[in-house]
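# Report on the structure
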Amino acid sequence: GENVEQHPSTLSVQEGDSAVIKCTYSDSASNYFPWYKQELGKRPQLIIDIRSNVGEKKDQRIAVTLNKTAKHFSLHITETQPEDSAVYFCAASMRSGANNLFFGTGTRLTVIP
Amino acid sequence: KAGVTQTPRYLIKTRGQQVTLSCSPISGHRSVSWYQQTPGQGLQFLFEYFSETQRNKGNFPGRFSGRQFSNSRSEMNVSTLELGDSALYLCASSPSKNPGLAAYEQYFGPGTRLTVT
């Protein structure tokens, strides 16, 4: 099955700096890569996603890049704010039409005011 | 549209008992997936239902089962509870189509926190 690895497990940045979280996946058939933000005690919230036919996608301060050859994808948050503090999960969906997401182990991001 | 809802939000059960959790997807979504979240194992896929049929299944024992009703609401059942079943159980709703040519975004409910004592 698919194996998704996520790094780093914790990340602290100063407010206004950028944060980068990286994930790798094992199955070349994976074609959908969402990112979720989970605040303490709350549900995972979809913040951005990318499909295998796209190399980069941006939404305001958040961007995701995908390198299919290397089988890795990254989340970039610019101009970080304290409210960006949360656990971020990357995920991969193994095949078309399947809704079983394989999640990374999460990155706890702390933005220091 | 209203979001995904789950009931109950909290549950305490004793080893050996069984439990049923409920999930109501976003209106119009026909796919419901279930995930288990624990500090040690992270988020793990349990199963997915689409149009009342189980479409995908994760690597969990047969004690974990589910079903989906004609209105797309889904239930998950765990029998013979073990201490290790203590977790946050999340369901996710998706506008996935069948047959699907691409994976669709999933929206999570607030979860049911199950504690087994």
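Everything discussed here concerns the structure shown above.
Scoring rules and cut-offs
Residues numbered from 1 in each chain as written. Chains lettered and ligands numbered in written order. Predicted model: local features only at pLDDT ≥ 70, side-chain atom pairs only at ≥ 80, totals over all residues. Heavy atoms only, no water. Salt bridge = Lys/Arg side-chain N within 4 Å of Asp/Glu carboxyl O. Helix = DSSP H or I, 4+ residues; strand = E, 2+ residues; numbered from the N terminus. Contact = heavy atoms within 4.5 Å. Buried area = accessible area lost by both parts, 1.4 Å probe. Polar contact = N/O pair within 3.5 Å; in protein donor to acceptor, adjacent residues only side chain to side chain. Nonpolar A, V, L, I, M, F, W, Y, C, P; charged D, E, K, R; others polar. Buried < 20%, exposed > 50% of the residue type's maximum accessible area, 1.4 Å probe, protein only. Core = buried A, V, L, I, M, F, W, Y, C linked by side-chain atoms within 4.5 Å.

### Quick notes on the pattern of salt bridges
Going through the model one piece at a time under the given rule, you end up with 8 salt bridges over all chains. Between Arg51 of chain A and Glu105 of chain B there is a salt bridge whose closest N-O contact spans 3.8 Å. With Arg51 of chain A in strand S5 (residues 45–51) and Glu105 of chain B in the loop between strand S9 (87–94) and strand S10 (107–108), this pair bridges two chains. Among the ionic contacts, a cluster of salt bridges with common partners joins Arg63, Glu82 and Asp85 of chain B.

### Observations regarding the interface of chain A and chain B
Each partner contributes to the interface: chain A provides 19 residues, whereas chain B provides 25 residues. Both sides of the chain A and chain B interface together cover about 1,800 Å² of buried area, and 50% of this is carbon and sulfur. Put simply, chain A and chain B have 1 salt bridge between them. In this assembly, chain A and chain B are joined by 5 residue pairs in polar contact (both at pLDDT 80 or more). At the level of elements, strand S4 (32–38), S5, strand S9 (86–93) and strand S10 (101–103) of chain A are the ones that each hand at least two residues to the side of chain A that touches chain B. Split into classes, the residues belonging to the side of chain A that touches chain B amount to 8 nonpolar, 7 polar and 4 charged.

### Some thoughts on the side chain of Asp85 of chain B
Residues and elements named next belong to chain B. Along the polypeptide, Asp85 turns up in the loop between strand S8 (74–78) and S9. You can call Asp85 buried: its relative accessible area is 4%. Of the polar contacts made by the side chain of Asp85, one reaches the side chain of Arg63; its length is 2.8 Å. From its side chain, Asp85 meets the backbone nitrogen of Glu82 in a polar contact 2.8 Å long.

### Some thoughts on the nonpolar core
Counting residues in hydrophobic clusters, the biggest one holds 24 residues, and the most contacted among them are Trp35, Phe73, Leu75, Tyr88 and Leu109 of chain A. Listing elements by their share of this core, those giving two or more residues are strand S2 (10–14), strand S3 (19–25), S4, S5, strand S7 (62–67), strand S8 (72–77), S9 and strand S11 (107–112) of chain A. Contact partners of Phe73 of chain A, with chain neighbours within four places excluded, come to Ile21, Lys22, Cys23, Tyr25, Phe33, Trp35, Thr65, Leu66, Cys90 and Ala91 of chain A. With 21 residues, the next largest nonpolar core counts Val32, Leu46, Phe47 and Tyr89 of chain B among its residues.

### Considerations on unusual backbone geometry
At the junction of His7 of chain A and Pro8 of chain A, the peptide bond is cis and its omega measures out at -5° in the coordinates. Of note, Pro8 of chain A is situated in the loop between strand S1 (4–7) and S2. Of note, the bond from Thr7 of chain B into Pro8 of chain B is cis; its omega dihedral lies within 30 degrees of zero at -10°. You will see that Glu79 of chain A, though not glycine, has its phi angle at about 45°, which is positive. If you check the backbone angles, Ser51 of chain B has positive phi at about 50° while not being a glycine. By the element assignment, Ser51 of chain B lies in the loop between strand S5 (42–50) and strand S6 (53–57).

Geometry only, nothing functional implied.
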